[in-house]
Amino acid sequence: MWPLDPSQKEVLRFAVSCRALTLVLQALFNAIIPDHHAEAFSPPHLVPSGSMDQLVEAAVALHDLGCLVLHCPRQAFYGALLFCLSPANVFLAAGYSEALFALLTFTAMGQLERGRSWTSGLLFALASGVRSNGLVSIGFLMYSQCQGFFSSLMVLNPLSQLLKLMGSVFLSVLTLGLPFALFQYYAYTQFCLPGPAHSIPKPLVQLAVDKGYRIAEGNKPPWCSWELPLIYSYIQDIYWNVGFLRYYELKQVPNFLLAAPVAILVAWATWTYVTTHPWLCLTLGMQRNKNNETLEKPDPGFLSPRVFVYLVHAAALLLFGTLCMHVQVLTRFLGSSTPIVYWFPAHLLQDQEPLLRSLETVPWKPPSGNSPPGQKIPRNSVMGLLYNWKTCSLVTRCILGYFLTYWLLGLLLHCNFLPWT
């Protein structure tokens with residue numbers, strides 16, 4: 001791994017510690033609590049999962065991204081520490097796709113902030129191949145390209161710049177959409193076209209028989225005859241009953257309550273940012289005020305103008321998830337897709353927790369004598385707040401209480417097949 005500065009080392013250490021504790025608690029809860037036999041999708045475990053390593057790397061990638069965007073090392077540090085205690089922890093640590101998706105997405109965002117648009121586009125494409133909601137990340141590339149277009153209008157030929165913009169947008173859409181399109185084509189060849197049957201692992205065949213799922217050797221499913229044959233839409237509709245407002249039933253109230261904290265968090269973040277920068281938001285982040293004046297030193301932290309596109313991304317995911325998805329998955333949906341879930345609480349902690357200022361001023365003796373002169377090893381501020389829980393502000397206790405409660409309940413319930421997000 002590349003050389004790490006002290007704050008990155010602390011993030012890495014804390015992430016590894018949290019993952020190790022996750023494994024211990026999962027084993028403990030699984031041993032003392034009887035498994036619940038839920039009627040849910042439970043595929044056999046065929047290969048080892050590398051989610052733990054991916055999650056640790058994602059924490060470091062988020063810290064790196066925070067430093068680039070926020071220009072506030074403390075908030076970037078707090079956000080990365082909170083990610084280690086993510087409310088979606090159990091899904092990030094288990095054999096799900098969320099950890100790899102978070103790693104690819106945060107790394108792609110960081111590469112784009114460094115101006116490496118081709119590398120960023122490739123990583124975003126890989127992320128969209130891991131999870132389909134990665135397609136929304138096309139907005140980051142398009143926004144970056146539009147910013148370059150408007151900034152060059154006064155200097156270069158507008159027509160040539162417009163053609164360049166159109167070409168860049170086309171390539172971005174093609175690159176990010178390719179993994180999704182290839183998967184749909186693969187499914188079409190397997191279920192809709194005649195050909196030699198491929199070998200399916202016996203455990204998966206038995207699972208399909210037990211659950212009544214369709215396998216590729218059966219009759220053609222209805223979606224094969226659609227004008228745009230997408231297996232994704234068919235599965236979401238038939239097997240998961242996913243659609244606009246379909247989840248708005250009285251019996252789903254508990255699930256709405258389960259998703260309420262993360263929904264409130266992102267909605268609060270959006271309101272705070274919009275009310276602080278109304279003109280910036282009206283001009284889609286292109287102009288900070290009506291007089292088109294720019295400050296030499298823009299606001300650091302969560303309220304920085306550079307956070308605008310990340311906030312729009314988070315708000316769009318929240319709106320779509322609330323209206324069109326099984327709402328209880330919002331916690332892991334947002335927790336693995338957007339840094340806003342961690343940056344805004346970090347902003348609140350720094351802005352409204354007096355104890356943090358005193359913790360940051362206490363020197364921390366380096367563990368060894370080989371540290372550079374004058375360099376301070378950063379304190380783990382989250383642990384400092386937990387040690388001083390009784391003296392923390394109400395906002396701090398709500399934030400940490402939410403993160404820790406969901407972190408622990410997820411381990412307690414999910415590993416025993418009990419209902420969770």
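Whatever comes next refers back to the structure up there.
These numbers were taken from a predicted model, which means no experiment stands behind them.

Analysis parameters
- Residues numbered from 1 in each chain as written.
- Predicted model: local features only at pLDDT ≥ 70, side-chain atom pairs only at ≥ 80, totals over all residues.
- Heavy atoms only, no water.
- Helix = DSSP H or I, 4+ residues; strand = E, 2+ residues; numbered from the N terminus.
- Buried < 20%, exposed > 50% of the residue type's maximum accessible area, 1.4 Å probe, protein only.
- Contact = heavy atoms within 4.5 Å.
- Areas by Shrake-Rupley, 256 points an atom, 1.4 Å probe, with all protein chains shown as cover.
- Polar contact = N/O pair within 3.5 Å; in protein donor to acceptor, adjacent residues only side chain to side chain.
- Salt bridge = Lys/Arg side-chain N within 4 Å of Asp/Glu carboxyl O.
- Expected span 1.5 Å × (residues − 1).
- Phe/Tyr/Trp six-rings, centres within 6.5 Å; stacked < 30°, edge-to-face > 60°.
- Lys NZ or Arg CZ within 6 Å of the ring centre and 35° of its normal.
- Disulfide = S-S within 2.5 Å.
- Axes fitted to C-alpha atoms, helices over the stretch in contact; angles between N-to-C directions.
- Parallel < 35°, antiparallel > 145°, perpendicular 65-115°, else oblique.
- Left-handed = near helix turned anticlockwise from the far one by under 90°.
- Nonpolar A, V, L, I, M, F, W, Y, C, P; charged D, E, K, R; others polar.
- Patch = residues over 30% accessible without salt bridge, like charges linked within 9 Å, V, L, I, M, F, W, Y side chains within 5 Å.

## Comments concerning the overall build of the chain
Step number 1: Counting its secondary structure elements, the chain contains 18 helices and 0 strands.
Step number 2: The 421 residues of the chain split such that 43% are buried.
Step number 3: For the chain, the share of sequence-separated contacts (at least 6 apart) that also reach a separation of at least 24 residues comes to 76%.
Step number 4: About 22,400 Å² of surface is accessible on the chain, with carbon and sulfur atoms providing 66% of the total.

## So, the side chain of T22
Step number 1: Relative to the assigned elements, T22 resides in helix α1 (residues 6–32).
Step number 2: Taking relative accessible area as the criterion, T22 reaches 0% and is therefore assigned buried.
Step number 3: In this structure the side chain of T22 is engaged in a polar contact, spanning 2.8 Å, whose partner is the backbone oxygen of C18.
Step number 4: Setting aside chain neighbours within four positions, we find T22 in contact with N89, A93, W407 and L411.

## Notes on the pattern of salt bridges
A side chain with one charge may pair with a side chain of the opposite charge, provided their charged atoms come close.
Step number 1: In this structure the tally under the stated criterion is 7 salt bridges.
Step number 2: When the shortest N-O distance is used, the salt bridge between E98 and R131 registers 3.3 Å. Within this pair, whereas E98 is found in helix α5 (residues 98–113), its partner R131 is found in the loop between α6 (117–130) and α7 (138–152), the two being separated by 33 residues in sequence.
Step number 3: You can call E98 buried: its relative accessible area is 1%.
Step number 4: Close ionic contact of E98 with R332 constitutes a salt bridge, the shortest N to O distance being 2.9 Å. On the criterion of sequence distance, the pair formed by E98 in helix α5 and R332 in helix α14 (residues 330–335) is long-range, its members being 234 residues apart. Of the two residues, E98 and R332, neither departs from the other in class, the shared state being buried.
Step number 5: Each of the salt bridges in this network shares a partner with another, and the network as a whole consists of E98, R131 and R332.

## Let's talk about helix α18 (residues 394–414)
Step number 1: Between its first and last C-alpha atoms α18 spans 29 Å; for 21 residues at 1.5 Å apiece the expected length is 30 Å, and the two agree.
Step number 2: Restricting attention to buried positions, one finds in α18 the residues T396, I399, L400, G401, Y402, F403, Y406, W407, G410, L411, L413 and H414.

## A few points about the packing of aromatic side chains
Step number 1: As enumerated under the stated definition, the model contains 22 aromatic pairs in all.
Step number 2: When the centroid spacing of 5.2 Å and the interplanar angle of 80° are considered together, the rings of F83 and Y342 count as edge-to-face. Within this pair, whereas F83 is found in helix α3 (residues 73–84), its partner Y342 is found in helix α15 (residues 340–352), the two being separated by 259 residues in sequence. In this structure, F83 and Y342 share a single accessibility class: buried.
Step number 3: Plain terms: the ring middles of Y247 and F256 are 6.5 Å apart, the flat faces sit at 35° to each other, and that makes the pair tilted.
Step number 4: Owing to a relative accessible area of 12%, Y247 belongs among the buried residues under this scheme.
Step number 5: Above the plane of the ring of F91 lies R332, whose end atom (NZ or CZ) is 4.3 Å from the centre.

## Focus on the environment of L409
Step number 1: Locating L409 in the fold gives a position in helix α18.
Step number 2: Separated by 319 residues in the primary sequence, L409 and V90 have C-alpha atoms spaced 9.0 Å apart.
Step number 3: Those residues in contact with L409, other than ones at most four positions away along the chain, are H414 and W420.

## What to know about unusual backbone geometry
Step number 1: Notably, H71 is not glycine yet its phi reads approximately 55°, a positive angle.
Step number 2: With respect to the helices, strands and loops of the structure, H71 is situated in the loop between α2 (51–70) and α3.
Step number 3: In this model, N241 sits at a positive phi of 55°, which is unusual for a non-glycine residue.
Step number 4: On the secondary structure map, N241 appears in the loop between α10 (231–238) and α11 (253–276).

## Observations regarding the state of the cysteines
Step number 1: Taken as a whole and assessed by the stated rule, the structure comprises 1 disulfide.
Step number 2: Paired by a disulfide, C192 and C224 hold their sulfur atoms 1.8 Å apart. For the disulfide bridge between C192 and C224, the dihedral angle about the S-S bond is near -80°, and by the sign convention the bridge is left-handed. Here the residue C192 occupies a position in the loop between α8 (158–191) and α9 (202–211), and C224 occupies one in the loop between α9 and α10, the gap between them amounting to 32 residues.
Step number 3: When its relative accessible area of 3% is taken as the criterion, C192 is described as buried.
Step number 4: Using a relative accessible area of 12% as the deciding quantity, one classes C224 as buried.

## Describing the packing of α6 against α8
Step number 1: For the pair α6 and α8, interaxial distance at closest approach is 6 Å and the crossing angle is 30°. It follows from the interaxial angle that α6 and α8 lie roughly parallel. Where α6 crosses over α8, the handedness of that crossing is right-handed. On α8, the residues touching W118, G121, F124, A125, S128 and G129 of α6 are L171, T175, L176 and P179.
Step number 2: Split by residue class, the contact of α6 with α8 holds 6 nonpolar, 4 polar and no charged.

## Notes on the environment of C146
Step number 1: When you line up the elements, C146 lands in helix α7.
Step number 2: In this structure the C-alpha to C-alpha distance between C146 and V169, which are 23 residues apart in sequence, comes to 9.1 Å.
Step number 3: Those residues within four positions of C146 in sequence are excluded, and the remaining contacts are L165 and M286.

## With respect to a nonpolar patch on the surface
Step number 1: Among the surface-exposed residues, W118, F170, L171 and L174 lie close enough to one another that they form a single nonpolar patch of about 500 Å² accessible area.
Step number 2: Top element by residues in the nonpolar patch is α8. It accounts for 3 residues.
Step number 3: Here F170 shows up in helix α8.
Step number 4: On the basis of relative accessibility, which here comes to 57%, the residue F170 falls in the exposed class.

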